[in-house]
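What the coordinates show
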Amino acid sequence: MSTDYQRAREELGRRLRELRIESPDGRLTGSQLAQRLGWPQSKVSKLENGRQTPTDDDLRAWADAVGQSTAFAELRARLRGFESHIRSWRRQLVAGHRPVQETWNALVAESRVLHMWENCLVSGMLQTADYARYVFERYTDLRSSPRDVEEAVRARMKRQEWLYRPSKRLNLIMWEGALWARVCPADVLVAQLDRLLGVVGMDTVRLGILPLDAELRIPPGNPFSMLDDRLVVVEDWHAELWLDDAETIALYRRVWDTFAESAVFGAEAQQVIARVRRSIKV
C-alpha cells in the first residue's frame, strides 16, 4: 500500500474521530459509538486509526450515528479522493467483471499508444475468447464475485477492435512464463498461442517475448499498462494501482524499456512462441 494512500486513510480516520468527539449529543466514546452502530469496538478503532478502509455505507452510518448526517458528502469525497489511486478488486467487482472491462474499454479507446508488460498471463489485448473465458472463471472463483463471465468476455473482445485502427499502437512485452501458464485446457492454450503467432507483424502491434533464459537487468515485477503518457495501471492481487504523476509514469516507461532490452521481437518472438506451442500435448 502506498504511503500517500495510507496517509490519506489516516487523515480520513482523524476526521471520523473529530466527528465522534464533536457529536451534538455529547462526546461519544469509541465504545459507545460502536454499540450505537452495532459494530465491534475494534472496527471503530481501526477506522479512526487508518487501519481499515471504510465503505460508503460505513461513512453514512457513522455520520448518522454521531448526529452529523450532512458530513457524509465530505467523507465520501475524501474516500473517493484516495481510492482513485488504489482501486480494490472487492469494490470494483461488486457488479461483476463486465463493468471493469467496460471501464478499460473507455480508457483504451481514448489512448493512442499502449505500453504493456505481462508476466503471468497472455495480455487481455490479445486473448482469444476461450482463453479469456477461463481467466474470468478463475478470478470469479477466487474473488467470489458475480458470475458474468460471458458478458465480460464480450466486453474484452470488443476492446480488441482498437488493434485494427491505423492510428493506434500496442507495445507489448510478455515473459515467456506467461505462455506456459496452464490456466486453461491444452487445446485452448494452443489456439491462444496460434493467435499470438498471427499478430506478430501487425502494423499496430509490437510484440516482444522475454525468454526464460534471458539475462534480466531488473526482476520481472507486477504486470502494468501505460496509456500514452498520462496513466499507468499496475495490477496486484488486492487492487489496481492507478498512477498519474509524471515521475512515476517516467519510471514505468524506464522499466518497460529495460525489459525491451532483454526481449526478442519479430521472427525471434515467433520462434519462442512456436517452441512453447510444440511442447504442449493436446
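Preceding this section is the structure that the text describes.
The present account deals with the structure reproduced in this document.

Calculation rules
- Residues numbered from 1 in each chain as written.
- Predicted model: local features only at pLDDT ≥ 70, side-chain atom pairs only at ≥ 80, totals over all residues.
- Heavy atoms only, no water.
- Helix = DSSP H or I, 4+ residues; strand = E, 2+ residues; numbered from the N terminus.
- Phe/Tyr/Trp six-rings, centres within 6.5 Å; stacked < 30°, edge-to-face > 60°.
- Buried < 20%, exposed > 50% of the residue type's maximum accessible area, 1.4 Å probe, protein only.
- Lys NZ or Arg CZ within 6 Å of the ring centre and 35° of its normal.
- Pairing = 2+ DSSP bridges.

**Let's talk about the environment of T140**
Along the polypeptide, T140 turns up in helix α8 (residues 129–143). Between the C-alpha atom of T140 and that of D25, which follows or precedes it by 115 residues, the distance is 45 Å.

**Considerations on the packing of aromatic side chains**
Taken as a whole and assessed by the stated rule, the structure comprises 3 aromatic pairs. Ring centres of W117 and F259 lie 4.0 Å apart, and the angle between their planes is 20 degrees; on these two criteria the pair is classed as stacked. Taken together, the residues W117 in strand β2 (residues 113–118) and F259 in helix α12 (residues 246–262) connect sequence positions 142 residues apart. Given the relative accessible area of 3%, F259 is considered buried. Their ring planes at 70 degrees and their centres at 5.0 Å tell us that F224 and Y252 sit as a pair that is edge-to-face. One end of the pair, F224, is in strand β5 (residues 224–227); the other, Y252, is in helix α12, with 28 residues separating them in the sequence. Over the aromatic face of W39 sits the side chain of K43, whose NZ or CZ is 4.1 Å from the ring centroid.

**Some thoughts on the sheet that holds strand β7 (residues 239–243)**
In spatial order, the strands read β1-β7-β6-β5-β2-β3-β4-β8; together these 8 strands make up an open sheet with mixed pairing. Looking at the sheet topology across the chains shown, the edges are occupied by β1 (86–88) and β8 (264–265). Inspection of the sheet shows strand β6 (residues 231–235) paired to β7 by 4 bridges, in the antiparallel sense. Across the sheet, residue V232 finds its bridge partner in β7, namely L243.

**A word on unusual backbone geometry**
We note that S144 has phi near 50 degrees; this positive angle belongs to a residue other than glycine. Considering the arrangement of structural elements, one finds S144 in the loop between α8 and α9 (149–159). The backbone of D228 shows a phi angle near 50 degrees, a positive value even though the residue is not glycine. Summarising the element assignment, D228 is placed in the loop between β5 and β6. Assessed through its relative accessible area of 23%, D228 is described here as partly exposed.

**Digging into the pairing of β2**
Side-chain direction in a regular strand flips from residue to residue, so the side chains alternate between the two faces of the sheet. Within β2, 6 of the 6 residues are buried, leaving the element largely enclosed by the surrounding structure. Sheet topology places β2 next to strand β3 (residues 169–175); 6 bridges connect them, and they run parallel. The residue bridging L114 from the neighbouring strand is L170, located in β3. Summarising the sheet, β2 and β5 pair through 4 bridges and their orientation is antiparallel. Counted as the bridge partner of M116 is S225 from β5.

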